Amino acid sequence: MSKITASFTCTACGAVHKKWAGRCDACGAWNAIVEEAPLSAGPASKSLGTARGRRIALSTLATEEAPPPRAASGLAEFDRVLGGGLVPASAILVGGDPGIGKSTLLLQAAASFARKGLKCLYISGEEASAQVRMRATRLGLADAPVGLATETNLRDILTTLDAERADLAIIDSVQTLWADMVEAAPGSVAQVRAAAHELVTFAKRRGTAVILVGHVTKDGQIAGPRVVEHMVDCVLYFEGERGHQFRILRAVKNRFGPADEIGVFEMTGAGLAEVANPSALFLSERGQASPGSAVFAGIEGTRPVLTEIQALVAPSSLGTPRRTVVGLDAGRLSTILAVLEARCGIPFAGMDVFLNVAGGMKVSEPAADLAVAAALLSSREDVALPPDMVVFGEISLSGALRPVSQTENRLKEARKLGFSQAVAPDRTKAEGDQGMKLRKMPDLVTFVGDLFAAG
Ligand code: TYD
Ligand code: MG
């Protein structure tokens, strides 16, 4: 029999290591690796022996099953992120920073589902029932028939869910749960995994949809939501800047719908309000045309979203100039700066570069490259871009521009918001019309010459 040794698990990303280290190789988190007890002497470590298992019934791929019936909550932005509504027996993880609004969102969702006739339970391990009730009253949801309880004991929760035969159970949060069959502190990797596993299994067996709340944690004391991502059907992250009122619910994994779909909310005094037209919201703070601002026509999931990319390029007093990025990938900025320097001969050495997506939005599409380049050049040359122009396109290392998907959708959204010209890569399939002048560019050199000829 092989020797059983302890394993070391990163609480931030769930990676398993052979030995302890101060920093996780997989995600770079510091002090996040903890030791997990070996599965010693338990049945799991024994060989299966000769005892025979049950024979599993097989079906074929052609087996006809109706698509899962979905329940819509009526909170359109929430339903959209789920892929069109809640699928029965699904397990959903909602992750996010503490205080971002997860409990508020799920209480509103629970109330909406309950008003549509679903039997909903809201089990809080963090707040007393009175606190939840107070919040519900403040949000005007007190009349919704939601079953409320404060409990952290997993066994009691499972028994209750079984007896209640609920359609939806919300567990806030998975890190507070305590499973008595696991010898570890609540919040540890072992506890969080065991609790999530039991709840997901329960969901599949009894047809109850389960929503687990998971706080994103910064230190290693508490396991983060990443350690249960692989067990659930949908992983949604609730994001936003604390100082901003905008909140974005993003599907990063969805077995029943498109991933990368976003729902946009605004945190108000009366809870989360849905934002039906995010582009208008993200652009609403745009002032007069000013150098360093470019409007990017992007796609989030299935929906076009316009965002403002802001750049500030200024002489640096530091030996190593600053590169500060909010809402975009820092590696992508380095690449774009390198391409501008190597292919267009525009140096950024000795200059601080600050890059930001307005409104607290995060953009991960490569199609944003050209808008980033436009914002950088506009700030560097101190030339404002035309205020009625949107930009999109991917920049390759050679300096060529690559066409991107869903051009028509991007242009349509831009037109709807009053923009009348777009800069896009040369091989873009779409054509402009009277309402929208489409300026196609083969490469970055042409783009720079065309827009910043005076510079
Ligand atoms: P909460 O849902 O408790 O966050 P989480 O569960 O993710 O930890 O939200 C907490 C924040 O939301 C808190 O700072 C106050 C703010 N908030 C409002 O601004 N308006 C409201 O109506 C509510 C309920 C909360
Ligand atoms: Mg909470």
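For the structure, see preceding data.
Draft legend 1. The nonpolar core, seen in detail. Core analysis: the largest hydrophobic core is formed by 63 residues, its most contacted members being Ile309, Leu376, Leu444 and Phe447. Counting residues per element, this core draws most heavily on helix H8 (residues 369-381), at eight residues. Lining this core are residues from two domains, each supplying at least three of them: domain 2 (76-276) and domain 3 (281-454). Beyond its immediate stretch of four places on either side in the chain, Leu376 contacts Ala311, Val313, Leu333, Ile336, Leu337, Leu340, Phe348, Val353 and Leu355.

Draft legend 2. Spotlight on the packing of helix H7 (residues 330-344) against H8. Axis separation between H7 and H8 bottoms out at 10 Å; the angle between their running directions is 65 degrees. Regarding H7 and H8, the two cross each other, and that crossing is right-handed. Together, Arg332, Leu333, Ile336, Leu337 and Leu340 of H7 and Asp369, Val372, Ala373, Leu376 and Leu377 of H8 make up the contact between the two elements. A breakdown of the residues in the contact of H7 with H8 according to their chemical character gives eight nonpolar, no polar and two charged.

Draft legend 3. Up close: the pairing of strand S13 (residues 293-300). For S13, the tally of buried residues reaches eight of eight residues, placing the bulk of the element in the interior. Direction of pairing for S13 relative to strand S14 (residues 303-315): antiparallel, over a ladder of eight bridges. Directly across from Ala297, in S14, lies its bridge partner Leu306. Where S13 folds back on S14, the antiparallel hairpin that results is connected by two residues, among which Gly301 adopts a positive phi of roughly 70 degrees. Two strands pair when backbone bridges link them, and S13 and strand S17 (residues 389-391) are joined in this way by two bridges, in the parallel orientation. Among the inter-strand pairings, Val295 is bridged to a residue of S17, identified as Val390.

Parameters and conventions
Residues numbered from 1 in each chain as written. Chains lettered and ligands numbered in written order. Predicted model: local features only at pLDDT ≥ 70, side-chain atom pairs only at ≥ 80, totals over all residues. Heavy atoms only, no water. Core = buried A, V, L, I, M, F, W, Y, C linked by side-chain atoms within 4.5 Å. Buried < 20%, exposed > 50% of the residue type's maximum accessible area, 1.4 Å probe, protein only. Helix = DSSP H or I, 4+ residues; strand = E, 2+ residues; numbered from the N terminus. Domains from an automatic or database assignment. Contact = heavy atoms within 4.5 Å. Axes fitted to C-alpha atoms, helices over the stretch in contact; angles between N-to-C directions. Left-handed = near helix turned anticlockwise from the far one by under 90°. Nonpolar A, V, L, I, M, F, W, Y, C, P; charged D, E, K, R; others polar. Pairing = 2+ DSSP bridges.

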